[in-house]
Amino acid sequence: WVLNNKSIKASQPIGVFDSGLGGLTILKALQKKLPNEQFVYYGDTAHLPYGDKSEEALISYVQAIAHFLKSKDCKILVVACNSATTVINKAPDLPYTSEDIIEVISPIVNLIATQQKYTNIGIIGTRKTISSGMFNEALALQNGNLQITARATPLLVPLIEDGFLEENVLFPVFDRYFKGFQNCQLLIPACTHYPIIYQQIESYFDNRLKVLHTPKIIAESVEAVLEQKGLLSTTKNKEDDYHLSDVTDEFLREAELFLGKKVHFN
Ligand code: DGL
C-alpha cells in the first residue's frame with residue numbers, strides 16, 4: 001500500500017466519467033475550482049442511459065471505464081454520475097480503492113444531513129438512483145427529522161439531451177413529476193444532467209424552492225480529498241483529454257451545451 005501510494009504524483013490527471021455528457025456539469029465545476037489540475041473525461045455514450053440499466057450491466061461498464069482511466073494514469077476517480085454511483089461499491093474489480101474514488105451521492109448526503117436550515121427536502125433522479133434508496137435512505141438514517149419526497153423523473157434526461165429546455169415544454173412535465181413537492185424548501189437534483197435546467201425548476205416553483213448546486217459541492221470535496229492526500233497539482237502541464245465511447249454529431253452539439261465551449265473528443 002505504501003509503495004503504491006508513494007508512486008502516485010500530484011501531476012497526474014484526475015479521471016472523471018459519466019454515462020454520457022451530464023458529467024460535464026461536474027467537470028465544468030472542477031475545472032473552475034481546480035485550474036491547475038489536468039482532467040481526463042470519459043462519457044460512455046454507447047451505453048446511455050445508465051438510469052435504466054441492470055446492476056450487472058452497470059458494474060461491467062464502470063469497471064471497464066475505471067481501468068481505462070487508470071491506463072491514462074489518473075490519480076483519483078470522480079464518478080460524475082448518480083446512477084453509476086449506486087453500483088460503485090459493488091464492483092469487484094476496480095483499480096482504485098474507495099479512498100481514491102469520489103462519487104456524487106455521499107458528499108451531498110453528508111452536507112444535507114448535518115444542516116439545520118432545510119427540513120423539507122425533495123429529491124429527483126433516474127429510476128436507478130431513486131430505486132437504489134442511496135439518497136433518501138442514507139439521508140433519513142443520518143437525520144430522522146427530515147421530511148423527504150423522492151421521485152424518479154426519467155423523462156428529464158432525454159429532454160435535456162435533445163435541447164428541450166423551454167419552460168413551455170418543461171412545465172407540463174414538471175406538473176406531473178412535482179406533484180407532492182409543493183412544501184419542499186430544497187430540491188436535490190440527483191442526476192448530473194439536471195444543472196442545465198436548475199433555473200427552469202426554480203422558476204416553476206416561483207423561486208420558493210432552492211435547487212442545490214451539486215457540481216460546486218462535488219468540486220469542493222474533490223479539492224478536500226486531494227489536499228488531504230497531498231496530491232493537489234500546482235501547475236497544469238497538459239490540456240484536458242475528452243473521450244466518448246460513441247461519437248456522433250448530436251453528442252458533440254450537446255457537449256457544447258453542457259460545457260459552454262467546443263472541445264475535441266477522442
Ligand atoms: N447523468 C446520469 C446520472 O447522474 C443520468 C443519465 C443516465 O441515465 O445515463 O444519473
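Bear in mind the structure is a predicted one, so any value in this text is a computation, not a measurement.

(A) Structural detail: the overall build of the protein. The secondary structure content of the protein amounts to 12 helices and nine strands. Across the 266 residues of the protein, 55% fall into the buried class. Across the protein, contacts joining residues at least 24 apart in sequence account for 77% of those joining residues at least 6 apart. Total accessible area on the protein stands at roughly 12,300 Å², and carbon and sulfur atoms take up 50% of it.

(B) Region of the structure containing empty space enclosed by the protein. A full pass over the atoms with the stated rule returns two cavities of 30 Å³ or more. By volume, the second largest cavity amounts to about 60 Å³. Split by residue class, the lining of the second largest cavity holds eight nonpolar, three polar and no charged.

(C) Summary view of the packing of aromatic side chains. Enumeration according to the criterion identifies 11 aromatic pairs in this entry. The interplanar angle of 55 degrees and the centroid separation of 5.2 Å between the aromatic rings of Phe-174 and Phe-178 together place this pair among those described as tilted. The pair Phe-174 / Phe-178 is uniform in exposure class, with both members buried. Ring centres of Phe-174 and Tyr-204 lie 5.3 Å apart, and the angle between their planes is 75 degrees; on these two criteria the pair is classed as edge-to-face. One end of the pair, Phe-174, is in helix H9 (residues 167–177); the other, Tyr-204, is in helix H10 (residues 198–204), and 30 residues separate them in sequence. The pair Phe-174 / Tyr-204 is uniform in exposure class, with both members buried. Among the aromatic residues, those joined into a ring-pair cluster are Phe-171, Phe-174, Phe-178, Phe-181, Tyr-204 and Phe-205. The ring of Tyr-96 is capped by Lys-70, whose NZ or CZ atom sits 4.7 Å from the centre of that ring.

(D) Examining the nonpolar core more closely. By size, the foremost hydrophobic cluster in this structure holds 72 residues, and its most contacted members are Ile-201 and Val-222. Ranked by residue count, the leading element in this core is helix H11 (residues 214–229), at six residues. By size, the runner-up hydrophobic cluster in this structure holds 23 residues, among which are Tyr-42, Val-62, Ile-65 and Leu-94.

(E) Broad picture of the environment of Leu-259. Assignment of secondary structure puts Leu-259 in helix H12 (residues 249–259). For the pair Leu-259 and Lys-28, spaced 231 residues apart in sequence, the C-alpha separation works out to 6.3 Å. Setting aside anything within four residues of it in sequence, one finds Leu-259 in contact with Leu-24, Leu-27, Lys-28, Gln-31 and Tyr-242.

(F) Expanded view of unusual backbone geometry. With an omega of -5 degrees, the peptide bond between Leu-48 and Pro-49 qualifies as cis. Relative to the assigned elements, Pro-49 resides in the loop between strand E2 (39–43) and helix H3 (55–71). We note that Asp-73 has phi near 75 degrees; this positive angle belongs to a residue other than glycine. In this structure, Asp-73 sits in the loop between H3 and strand E3 (76–79). Of note in the backbone geometry, Asn-207 takes a positive phi value of approximately 60 degrees without being a glycine.

Rules behind the numbers
- Residues numbered from 1 in each chain as written.
- Predicted model: local features only at pLDDT ≥ 70, side-chain atom pairs only at ≥ 80, totals over all residues.
- Heavy atoms only, no water.
- Helix = DSSP H or I, 4+ residues; strand = E, 2+ residues; numbered from the N terminus.
- Buried < 20%, exposed > 50% of the residue type's maximum accessible area, 1.4 Å probe, protein only.
- Contact = heavy atoms within 4.5 Å.
- Areas by Shrake-Rupley, 256 points an atom, 1.4 Å probe, with all protein chains shown as cover.
- 1 Å grid on protein atoms, 1.4 Å probe; cavity = no way out; pocket = protein on both sides within 12 Å on 5 of 7 lines; lining within 4 Å.
- Points joined across faces, edges and corners; volume = space filled by probe spheres on them.
- Nonpolar A, V, L, I, M, F, W, Y, C, P; charged D, E, K, R; others polar.
- Phe/Tyr/Trp six-rings, centres within 6.5 Å; stacked < 30°, edge-to-face > 60°.
- Lys NZ or Arg CZ within 6 Å of the ring centre and 35° of its normal.
- Core = buried A, V, L, I, M, F, W, Y, C linked by side-chain atoms within 4.5 Å.

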